[in-house]
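Summary of structural features
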Amino acid sequence: MKEHYWILAGIGFTTLIMAWLPSISNKIKISGPIILLLIGFLLVGFGLPIGWPDPLWADEGLMYFSEMIVIISLMGAGLKIGENYSLKAWKRPLLLVFLTMPLCMASAYFLGKNFLFFSVPSSLLLAAILAPTDPVLASETQLDDPEREKEHKGKIRFALTGEAGLNDGLAFPFTYMAVLVAQAGGWAAFDFTDWMLDKFFLKIIIGTIAGFAIGNAIGFILDKVHKYAGIKTFDGFLALSLTLFSYGATELLHGYGFLAVFFTGLSLRHYEKVSGDYKTKMHDFVHEIERILLVVWIILFGGSIINGVLSLTDWRGIVFAFAFVLIIRPLAGIISMAGIKDSFKNKLAISFLGIKGIGSVFYLAWAFVQFEGFEHKNELYSITAYIILISIVVHGFTAPSIIEYFKRRTKRNESGEKPKK
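The rules behind each value
Residues numbered from 1 in each chain as written. Predicted model: local features only at pLDDT ≥ 70, side-chain atom pairs only at ≥ 80, totals over all residues. Heavy atoms only, no water. Helix = DSSP H or I, 4+ residues; strand = E, 2+ residues; numbered from the N terminus. Buried < 20%, exposed > 50% of the residue type's maximum accessible area, 1.4 Å probe, protein only. Contact = heavy atoms within 4.5 Å. Areas by Shrake-Rupley, 256 points an atom, 1.4 Å probe, with all protein chains shown as cover. Axes fitted to C-alpha atoms, helices over the stretch in contact; angles between N-to-C directions. Parallel < 35°, antiparallel > 145°, perpendicular 65-115°, else oblique. Left-handed = near helix turned anticlockwise from the far one by under 90°. Nonpolar A, V, L, I, M, F, W, Y, C, P; charged D, E, K, R; others polar. Salt bridge = Lys/Arg side-chain N within 4 Å of Asp/Glu carboxyl O. Core = buried A, V, L, I, M, F, W, Y, C linked by side-chain atoms within 4.5 Å. Phe/Tyr/Trp six-rings, centres within 6.5 Å; stacked < 30°, edge-to-face > 60°. Lys NZ or Arg CZ within 6 Å of the ring centre and 35° of its normal. Patch = residues over 30% accessible without salt bridge, like charges linked within 9 Å, V, L, I, M, F, W, Y side chains within 5 Å.

Description of the overall build of the protein chain
Along its length, the protein chain carries 16 helices and 0 strands. Counting the 421 residues in the protein chain, one finds 56% classified as buried. In the protein chain, 83% of the contacts between residues at least 6 apart in sequence involve partners at least 24 apart. In the form shown here, the protein chain has an accessible surface area of approximately 18,200 Å², with 66% of it arising from carbon and sulfur atoms.

Observations concerning the packing of helix 13 (residues 315-336) against helix 14 (residues 344-352)
As a packed pair, helix 13 and helix 14 sit with axes 8 Å apart at the nearest point and diverge in direction by 135°. Our classification of the angle between helix 13 and helix 14 gives oblique. Both helix 13 and helix 14 take part in a crossing whose hand is right-handed. On helix 14, the residues touching Arg329, Pro330, Gly333 and Ile334 of helix 13 are Phe344, Lys347, Leu348, Ile350, Ser351 and Phe352. The residue inventory of the contact of helix 13 with helix 14, partitioned by class, reads 6 nonpolar, 2 polar and 2 charged.

Digging into the pattern of salt bridges
Going through the model one piece at a time under the given rule, you end up with 5 salt bridges. In this structure, Lys377 engages Asp59 in a salt bridge whose closest nitrogen and oxygen atoms are separated by 2.6 Å. Of the two residues, Lys377 sits in helix 16 (residues 377-415) while Asp59 sits in helix 3 (residues 59-80), which places them 318 residues apart along the sequence. A salt bridge links Arg291 to Glu288; the nearest nitrogen and oxygen atoms lie 3.3 Å apart. Placement of the pair is Arg291 and Glu288 together in helix 12 (residues 276-306), with a separation of 3 residues, close to one helical turn. Residue classification places Glu288 among the partly exposed residues on the basis of a relative accessible area of 40%.

Considerations on unusual backbone geometry
The amide bond that connects Asp54 to the next residue, Pro55, takes the cis arrangement and shows omega of -10°. Relative to the helices and strands, Pro55 is located in the loop between helix 2 (32-46) and helix 3. A positive phi is found at Lys29, a non-glycine position, where the angle reads about 60°. Along the chain, the position of Lys29 falls in the loop between helix 1 (2-28) and helix 2. Given a relative accessible area of 28%, Lys29 falls into the partly exposed group. Of note in the backbone geometry, Phe117 takes a positive phi value of approximately 60° without being a glycine.

Comments concerning the packing of helix 3 against helix 10 (residues 238-252)
Put simply, helix 3 and helix 10 touch, their axes get as near as 10 Å, and they point 115° apart. Taken together, the axes of helix 3 and helix 10 are roughly perpendicular relative to one another. As for the relative orientation of helix 3 and helix 10, their crossing is right-handed in sense. In this structure, helix 3 uses Glu67, Met68, Ile71, Ile72, Met75 and Leu79 to contact helix 10, whose residues at the interface are Ala239, Leu240, Leu242, Thr243, Leu244 and Tyr247.

Considerations on the nonpolar core
Across soluble globular proteins, you tend to see nonpolar side chains buried next to one another. If you look at the biggest cluster of nonpolar residues, it comprises 109 residues, and the most contacted ones within it are Leu125, Phe258, Trp297, Phe301 and Phe320. Looking at this core, the element that brings in the most residues is helix 12, giving 12 residues. Ignoring sequence-local partners within four residues, the contact set of Phe320 consists of Ala108, Leu111, Phe115, Leu116, Leu126, Leu130, Ile383 and Ile387. Grouped together as the second largest cluster of nonpolar side chains are 14 residues, Leu95, Ala349, Leu353 and Phe406 included.

Some remarks on the packing of aromatic side chains
This model, assessed by the stated rule, comprises 30 aromatic pairs. Note on Tyr176 and Trp366: the rings are 4.9 Å apart at their centroids and 75° apart in plane angle, and the pair reads as edge-to-face. Here Tyr176 is found in helix 8 (residues 172-184), whereas its partner Trp366 is found in helix 15 (residues 358-370), with 190 residues between them in sequence. Judged by centre distance (5.8 Å) and plane angle (70°), the ring pair of Trp187 and Phe190 falls under edge-to-face. By relative accessible area, which is 10% here, Phe190 ends up buried. These aromatic residues form a ring-pair network of at least three members: Phe172, Tyr176, Tyr247, Tyr256, Phe258, Phe362, Tyr363 and Trp366. A cation over a ring is seen here: Lys203 above Tyr256, with NZ or CZ 5.1 Å from the ring centre. Directly above the ring of Phe115 sits Arg316, whose terminal nitrogen or CZ lies 5.5 Å from the centroid.

A short note on a nonpolar patch on the surface
A surface patch of nonpolar side chains, about 540 Å² in accessible area, is lined by Leu103, Phe322, Leu326, Ile327, Leu331 and Ile335. Counting residues per element, the nonpolar patch draws most heavily on helix 13, at 5 residues. Within the secondary structure, Leu103 is located in helix 4 (residues 87-114). Relative accessible area serves as the criterion here: at 34%, Leu103 is assigned to the partly exposed category.

Examining the environment of Ala349
Note on placement: Ala349 falls in helix 14. Expressed as a C-alpha distance, the spacing of Ala349 and Ile403, which sit 54 residues apart in the sequence, is 8.6 Å. When neighbours within four sequence positions are excluded, Ala349 is seen to be in contact with Ile156, Ile402 and Phe406.

Some remarks on the side chain of Arg291
Here Arg291 falls in the buried class, since its relative accessible area comes to 13%. Ignoring sequence-local partners within four residues, the contact set of Arg291 consists of Met18, Ala19 and Pro22.

Here's what the structure looks like:
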C-alpha cells in the first residue's frame, strides 16, 4: 500500500506542476517538455515505484499509449485551424508535406544505408518514422486559440499546425512499405503495385473522406437536434468521443485513422452553424487530456533515458540524430519553400521548427509489432530517443522566443508601428 501512495503522490505532484506549466513556460521562455523531462529524471532518482522502461518499452504497450496521445493531439490540431480554406493559406503546409517530408525521408534512407549501414528495411523504417512533425511536442508552436484568425497572417503557426495534422497520417504508407519489404525479404519480392494502390491511394482516400464525412455529419446533427428538438449536446468531451470513433471506424473501413481524426476536427471546425464558443470548448477539452497524457509519456521517456536507451547506438547514430534535427529538416524546409514570397526569417523559422516526437515512437513500435524480424531494433529505438531528446532541448529553448518574436512583429505590422532597430 505504501508504494501505491507514493505513485499517487508522484502523479499528483507532476500534474499539479503541469497546471502552472504553460504560464511558467511563457514566463521563462522555455518549452514545457524540457521541464517535464527534468521532473521525470527527478522521479527516477527518487525511485518512484512505477514500471520504468528498462531501458526499452514493451512494443505493444508503447504503441497503444503513443497512439492515444497522437490521435487526441490530431483532433486538437484540426479544431485549432481557423476558417481559411484558400489554396494560398494552405500552400506552406502542403509544401512541407509534399516536398519537405520526401526530402527528409530520402536523406534519412540514404544515410541509414550508407552511413549507419542499416539493412534496406531498417533504413526505410528510419526514413518513415522521421517523416512526421509531431503534433504533441510541437503544440506550443501551433495555433493556440481556434477563434483567432490573425495567426494566418503570421503564417508560421498555421503552417506548422497544418503540417503536423497532415503528415502524421501520410507517414503511414511508408511505414507499411518498410514492414512489407522486411516481410518480403527485400526489394525484389516487394509488390510495389499492391502497396501503391492499397496502402497509399486507397487508405489515404478512405481516411480523408471518412474524416470529412464524420465531421460534417456531426456538425449537421448538432445543429439540427438543437434547432428542432431543443436537445443540447454542448459538452466538450464530445471531441474525445469523436476522436475515438473517427479513428476506430476509419481503421475498420480500411482507411488511415490519423488522417480521419484530423479531417474530422477540421471539418467540424468549419461547419458554420455550430457555435464558435462550442468549438473552442471542444478544443480546450481535448487539449487538457493531451496535456495529462503528455506528462506521463515524457516522465516515462525520462526514465528510459536514465536507464540507458541512449547507449544502444554508437557515435554514428548520435551524429545522424544531430544532423537530422539541425541540418536535414531545416535545409529541406528551406528548399521546399524556395518559391514562396516570404522573408528568409519566416522560411527559416518554419523549416527549423520541425519538431520530432511521439508520432515517430508510435510508428516505430507499430512496425515492430507487425514484424518482429527487423534488424537494428535497439539502434532504431536509441536513434529515435536521441532525436526526440535533441528536439525537446533545442526547440524547447528556442521555439518560445521564436514564436514570441513573430507575434510581436505581426502586431507591429498590423498597427503600422515601425520595427525597432
